[in-house]
Amino acid sequence: MTALDARPDTTAMLRFPGDFRWGTATAAYQIEGAAAEDGRTPSIWDTFSRTPGKVRNGDTGDIAADHYHRLGEDVALLRRLGVTDYRFSIAWPRVQPTGRGPAVQKGLDFYRRLTDELREAGIRPVATLYHWDLPQELEDAGGWPHRETAYRFADYAGLMAEALGDRVATWTTLNEPWCAAFLGYGSGVHAPGRTSALASLHAAHHFNLAHGLATRALRAALPGPAEVSLTLNLHALRPHTDAPADVDAARRIDAVGNRIFLDPVFHGRLPEDLVRDTAAVTDWSFVADGDLETASAPIDSLGINYYSPTVVAAGTSESPSPWAGAERHVRFVPVPGPRTAMDWPVDADGLHGLLLRLRDDLPGVPLLVTENGAAYDDYADPSGEIKDPERVEYLHAHLAAVHRAIEDGADVRGYFLWSLLDNFEWAYGYSKRFGIVHVDFASQRRTPKSSARWYADAIAHNAVPAR
């Protein structure tokens, strides 16, 4: 038996639907490396990570997990896991370095090789067009607060559909636009590091516009039917108490954290309370006629990224804040219980509740859990084995929550574990490990952790133990 061979399990099982999609997820800047090879130019994360004090230990994604040179080895890991789907992102500056003009063939060839090897392994390619690596040249021209960036993104989507449309089964336009808009342009803790409430709201709207424009471009260029999706990191919100001020605090965060994307994409409108809450920042006159109709172009599924719940109360947030219009009215309350190495609370009920909310709010929209996982301080024992029981417990609890949501009527079609590999964890550099495969960044040696064996068992059985 290999390290990832599924083992028999005779305990009572929670069984998933027969066509349930089992996957893992990664992002280009976090794993690829080869930052200056074959025509790739800097993204905003290359620039940000080179800015002193922005990333822990001065780490960059220059090498990361060297996936660009180890593609075959990583697809072999996926094959041994038994996943049905692999969610990866395309590095925009690798295929269209300036964000304008024709594609670079060497960049396209890398993703052609990746998707071809996935298909040969019987794994469905799930491509994300944007996981935060905006070409630096477009940021220099204004970035996401600038309307033109949305049109450049649509052109890029069309290029990728023409190049990979015969290979990719699912296209995700954007990953977590909330983080890109509000952490990148509001609080400045992510690239490009700007701190402007107004810029963050402009960026959020232009992400919605870009999603709609890209959806139309994909459908126009794809040679046949394919799934078009969007991935949001929706906040699983709870007011700290039933007091009206705490309930209103949760409403404010729901407006700027969730409905700022849900309402335009699925209802073609801006939340009225969001417009009121942010009146001191903007009158929203930058929203042009037809924008919201464009943003609501029909899609085939919604991806949900979930790690932990958010509990809020009336109060004041620290500055600079990503919560435009809410920072003077809301404080965040620590959630009791176990925590991950990111100091995030472990609470699978938040995922269950979020899926049921979407069941009720978006009837008829298929759902995918496109990211879920945990960072822990993993290490090899004297035998060389990497045991991560806390991660196994986390994954089990959250998959059980997904199963319970399906039983409760949520149309959840699949689950993508974050992440396949230890990688560059954004502003935390290489200090946090989310992978079920350990990466020794000095040697680039891959070692499956015990969680990888556990996940392979779950996939093989299409089930997790009931207890």
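Residues numbered from 1 in each chain as written. Predicted model: local features only at pLDDT ≥ 70, side-chain atom pairs only at ≥ 80, totals over all residues. Heavy atoms only, no water.

Going by the annotation in an unreviewed UniProt entry, the name recorded for the protein chain is Beta-glucosidase, with Streptomyces prasinosporus given as the source organism. Reading the Sequence similarities (unreviewed entry) entry of the UniProt record for the protein chain gives the comment "Belongs to the glycosyl hydrolase 1 family." (UniProt positions renumbered as here; feature names shortened; annotations may be inferred.)

Novice: What am I meant to see in the nonpolar core here?
Specialist: Nonpolar side chains tend to gather and get buried jointly when the protein is soluble and globular. By size, the foremost hydrophobic cluster in this structure holds 149 residues, and its most contacted members are Ile90, Tyr130 and Trp171. Among the elements that make up this core, the one with the highest residue count is helix 9 (residues 197-221) (11 residues). (Core = buried A, V, L, I, M, F, W, Y, C linked by side-chain atoms within 4.5 Å. Buried < 20%, exposed > 50% of the residue type's maximum accessible area, 1.4 Å probe, protein only. Helix = DSSP H or I, 4+ residues; strand = E, 2+ residues; numbered from the N terminus.)

Novice: Help me understand the pairing of strand 11 (residues 367-371) in this model?
Specialist: Each regular strand displays side chains that alternate between the two surfaces of the sheet. For strand 11, the buried fraction is high: 5 of the 5 residues fall into the buried class. Where strand 8 (residues 301-305) meets strand 11, 4 bridges bridge the pair, whose relative direction is parallel. Bridging across to strand 11, Leu302 finds its partner in Leu367. When strand 11 meets strand 12 (residues 412-418), the two strands line up parallel, connected through 3 bridges. (Pairing = 2+ DSSP bridges.)

Novice: What is the right way to read the UniProt feature "active site" (unreviewed entry) in the protein chain from this model?
Specialist: UniProt marks Glu371 with the feature "active site" (unreviewed entry), using the numbering shown here. For Glu371, the position within the fold is in strand 11. Residue classification places Glu371 among the buried positions, given a relative accessible area of 4%. In this structure the side chain of Glu371 is engaged in a polar contact, spanning 3.3 Å, whose partner is the side chain of Arg87. (Polar contact = N/O pair within 3.5 Å; in protein donor to acceptor, adjacent residues only side chain to side chain.)

Novice: Could you clarify how one ought to interpret the packing of aromatic side chains in this entry?
Specialist: The relation between two aromatic rings is expressed through the spacing of the ring centres and the mutual angle of the planes. Counted under the stated rule, the structure contains 33 aromatic pairs. On the basis of an interplanar angle of 70° and a centroid distance of 5.5 Å, the ring pair of Phe424 and Tyr430 is categorised as edge-to-face. (Phe/Tyr/Trp six-rings, centres within 6.5 Å; stacked < 30°, edge-to-face > 60°.)

Novice: I tried to follow the environment of Tyr430 on my own but got confused; where do I start?
Specialist: Position of Tyr430 relative to the elements: it lies in the loop between strand 12 and strand 13 (437-440). On a C-alpha basis, the gap between Tyr430 and Phe441 in space is 8.6 Å, while along the polypeptide they are 11 residues apart. Setting aside residues up to four positions removed in sequence, Tyr430 forms contacts with Asp59, Thr60, Gly61, Ala64, Asn423, Phe424 and Phe441. (Contact = heavy atoms within 4.5 Å.)

Novice: Mind showing me how you'd approach the packing of helix 3 (residues 71-81) against helix 5 (residues 105-120) here?
Specialist: The N-to-C vectors of helix 3 and helix 5 enclose an angle of 30°; their axes lie 10 Å apart at closest approach. In terms of orientation, helix 3 and helix 5 fall into the roughly parallel class. Along this stretch, helix 3 crosses helix 5, giving a crossing that reads as right-handed. On the side of helix 3, the interface is formed by Leu71, Gly72, Val75, Leu78 and Arg79, while helix 5 contributes Phe110, Arg113, Leu114, Glu117, Leu118 and Glu120. Its residues assigned to classes, the contact of helix 3 with helix 5 comprises 6 nonpolar, 1 polar and 4 charged. (Axes fitted to C-alpha atoms, helices over the stretch in contact; angles between N-to-C directions. Parallel < 35°, antiparallel > 145°, perpendicular 65-115°, else oblique. Left-handed = near helix turned anticlockwise from the far one by under 90°. Nonpolar A, V, L, I, M, F, W, Y, C, P; charged D, E, K, R; others polar.)

Novice: Would you explain unusual backbone geometry in this entry?
Specialist: Of all residues except glycine, most have a negative phi; of all peptide bonds, most are trans. Cis rather than trans, the peptide bond between Ala191 and Pro192 has omega equal to 10°. In this structure, Pro192 sits in the loop between helix 8 (177-183) and helix 9. Of note, the bond from Trp418 into Ser419 is cis; its omega dihedral lies within 30 degrees of zero at 10°. Residue placement: Ser419 occurs in the loop between strand 12 and strand 13.

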